[in-house]
Amino acid sequence: MAPHVLVLGGTTEARRLAAALTALPGVRVTTSLAGRVARPGAVPGDVRVGGFGGAAGLAAWLREHAVDALVDATHPFAEAITANAARAAAGTGVPAVVLRRPGWRPGPGDDWHTVPSLDAAAEVLPRLGRRVLLTTGRLGLAAFAGLTDLHFVVRSVDPPGPPLPPDTEVVLARGPFTLADERALLRAHRIDVLVTKDSGGEATAAKLTAARERALPVVVVRRPPLPPGLTALSDVAAVLDRLGLGGAGHPAP
Ligand code: NAP
């Protein structure tokens, strides 16, 4: 029977992996989306939407749908689903691997302030600037709600909900963003400090270059560690190899 791969998605990498898997003869792929984004982009292969109901629910889904391999290709900061993937894989014996883009690294001229959490980012911000570009997503912004003296420009795909800082402007946009986009945004809003998660990847990296050009401080929220038992691979070809699908019978696209 065709091997069935479940991809936990919601990222560009997950879409690329689904495209690579669907191009292989005799492989069935289902991508799972949380259902947070109102209009997710098209995903090749089968798609299911919504939570599984914790690790036990995911384990039940793996059994019920005869899944042969699980790939967690969720965002590096989607901590709960990754923990569930580790537990469900251990409980069912379904082999699991994580597809995770590498984190960003500071270069010469960067003024990065690396912090462990959004709360810690909020703590350092008042020392670094007054006009903040916040690109950490629409969730967790309560951490910044008490910063009443700062002006925030929050960029997110969907509108953020309260509580938000009182002086907040929302810019709705979905990456990828070009360097020209980012230069224009920083200039138009007279941004003097940037806050980002260490998401990694090309699609949203231009803001870091734009910040460097303007010598702006950047608060970078560090990634949470992977749960024990999961290994991260950084590209689609490595995942296909690990699944035994990148060899001669199944040439990697
Ligand atoms: P999370 O905190 O790790 O997950 C919370 C709950 O949402 C999980 O326990 C699970 O519910 C459900 N869930 C998350 N991802 C799922 C998936 N791919 N398929 C089915 N259920 C899923 O996740 P999050 O940070 O809210 O992220 C949600 C989604 O957005 C992920 O797919 C992630 O790749 C994407 N995303 C996240 C970020 C970010 O910064 N966190 C950025 C870009 C994209 P149950 O326990 O009921 O199964």
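A.B. asks: Looking at this structure, how should I read the overall build of the protein?
C.D. replies: Secondary structure assignment for the protein yields 7 helices and 12 strands. Taken over C-alpha atoms, the radius of gyration comes to 20 Å for the protein, in line with the 18 Å a tight globule of 253 residues would show. In terms of overall dimensions, the protein has C-alpha extents of about 60 × 35 × 30 Å along its principal axes. In the protein, buried positions account for 46% of the 253 residues. In the protein, the proportion of contacts linking residues at least 24 apart, taken out of those at least 6 apart, comes to 65%. For the protein, the accessible surface area stands at approximately 11900 Å², while carbon and sulfur atoms represent 55% of it.

A.B. asks: Can you help me understand the sheet that holds strand β1 (residues 4–8) in this one?
C.D. replies: Reading across from one edge, β3-β2-β1-β4-β5-β12 is the order of the 6 strands in this open sheet, with parallel pairing throughout. Edge positions in the open sheet fall to β3 (46–49) and β12 (232–233), since each of these has one partner strand only. The pairing of β1 with strand β2 (residues 28–33) spans 5 bridges and is classified as parallel. Of the residues in β2, the one forming a bridge with L6 is T30. Sitting on the sheet, helix α1 (residues 12–22) is in contact with β1, β2, β4 (69–72) and β5 (96–99), with an inclination near 165° to β1. Contacts from helix α3 (residues 79–92) reach β1, β4 and β5 within the one sheet, and its direction differs from that of β4 by about 160°.

A.B. asks: What exactly am I supposed to notice about the packing of aromatic side chains here?
C.D. replies: In this description, an aromatic ring pair is defined by two values, namely the gap between the centres and the angle between the planes. For the structure shown, the criterion picks out 2 aromatic pairs. Ring plane angle 75° and centroid distance 6.0 Å describe the contact between F52 and W61, whose orientation is recorded as edge-to-face. Assessed through its relative accessible area of 16%, F52 is described here as buried. Assessed through its relative accessible area of 14%, W61 is described here as buried.

A.B. asks: Sorry, what's going on with the site of the ligand here?
C.D. replies: Not every one of the 22 residues close to the ligand is listed here, only the nearest: G9, S32, R36, F52 and G53. A distance of 3.3 Å separates an oxygen atom of the ligand from a polar side-chain atom of N84. Coverage of the ligand by the protein chains reaches 76% of its 800 Å² of free accessible surface. Secondary structure elements with two or more residues in the shell around the ligand: β2 and α3. Broken down by element, the shell around the ligand gets its largest block of residues, 4 residues, from α3. Looking at the shell around the ligand, its residues break down into 7 nonpolar, 11 polar and 4 charged.

A.B. asks: How should the pattern of salt bridges be read in this particular structure?
C.D. replies: As a working rule, side chains carrying opposite charge can pair if their charged atoms are close by. All told, the structure shown has 7 salt bridges when counted by the stated rule. A salt bridge links E13 to R101; its shortest N-O distance comes to 3.0 Å. Remark: R101 occurs in the loop between β5 and β6 (111–115) and E13 occurs in helix α1; sequence separation between them is 88 residues. Residue E182 is joined to R155 by a salt bridge in which the shortest nitrogen-to-oxygen separation is 2.7 Å. Here E182, found in helix α5 (residues 179–188), pairs with R155, found in strand β8 (residues 151–156); they are 27 residues apart in sequence, far enough to count as distant. A relative accessible area of 2% places E182 in the buried class. Relative accessible area serves as the criterion here: at 7%, R155 is assigned to the buried category.

A.B. asks: Would you mind showing me how to read the sheet that holds strand β11 (residues 217–221) here?
C.D. replies: In a beta sheet, neighbouring strands are held together by backbone hydrogen bonds and run either parallel or antiparallel to one another. Taken together, 6 strands build an open sheet; the order of strands is β6-β11-β10-β7-β8-β9 and the sheet is parallel. Only two strands of the sheet have a single partner each, and these edge strands are β6 and β9 (168–172). Between one strand and the next, the sheet's axes are offset by a mean angle of 20°, whatever the strand orientation. The pairing of β8 with β9 spans 5 bridges and is classified as parallel.

A.B. asks: I would appreciate a short explanation of the pairing of β4 in the present structure.
C.D. replies: Each regular strand displays side chains that alternate between the two surfaces of the sheet. Where burial is concerned, the two faces of β4 agree: the one with A69 and V71 and the one with L70 and D72 are both buried. In this sheet, β4 lies alongside β1 in parallel orientation, the contact comprising 4 bridges. Residue pairing for β4: V5 is matched across the bridge by A69. Once the chain exits β4 it traverses α3 before rejoining the sheet at β5, and the crossover so formed is right-handed.

What counts and how
Residues numbered from 1 in each chain as written. Predicted model: local features only at pLDDT ≥ 70, side-chain atom pairs only at ≥ 80, totals over all residues. Heavy atoms only, no water. Helix = DSSP H or I, 4+ residues; strand = E, 2+ residues; numbered from the N terminus. Rg over C-alpha atoms; globule rule 2.2 N^0.38 Å. Buried < 20%, exposed > 50% of the residue type's maximum accessible area, 1.4 Å probe, protein only. Contact = heavy atoms within 4.5 Å. Areas by Shrake-Rupley, 256 points an atom, 1.4 Å probe, with all protein chains shown as cover. Pairing = 2+ DSSP bridges. Axes fitted to C-alpha atoms, helices over the stretch in contact; angles between N-to-C directions. Phe/Tyr/Trp six-rings, centres within 6.5 Å; stacked < 30°, edge-to-face > 60°. Near = heavy atom within 4 Å. Polar contact = N/O pair within 3.5 Å; in protein donor to acceptor, adjacent residues only side chain to side chain. Nonpolar A, V, L, I, M, F, W, Y, C, P; charged D, E, K, R; others polar. Salt bridge = Lys/Arg side-chain N within 4 Å of Asp/Glu carboxyl O. Right-handed = clockwise from strand over helix to strand, strands pointing away.

From the geometry alone we can't say anything about function, so treat these as descriptive.
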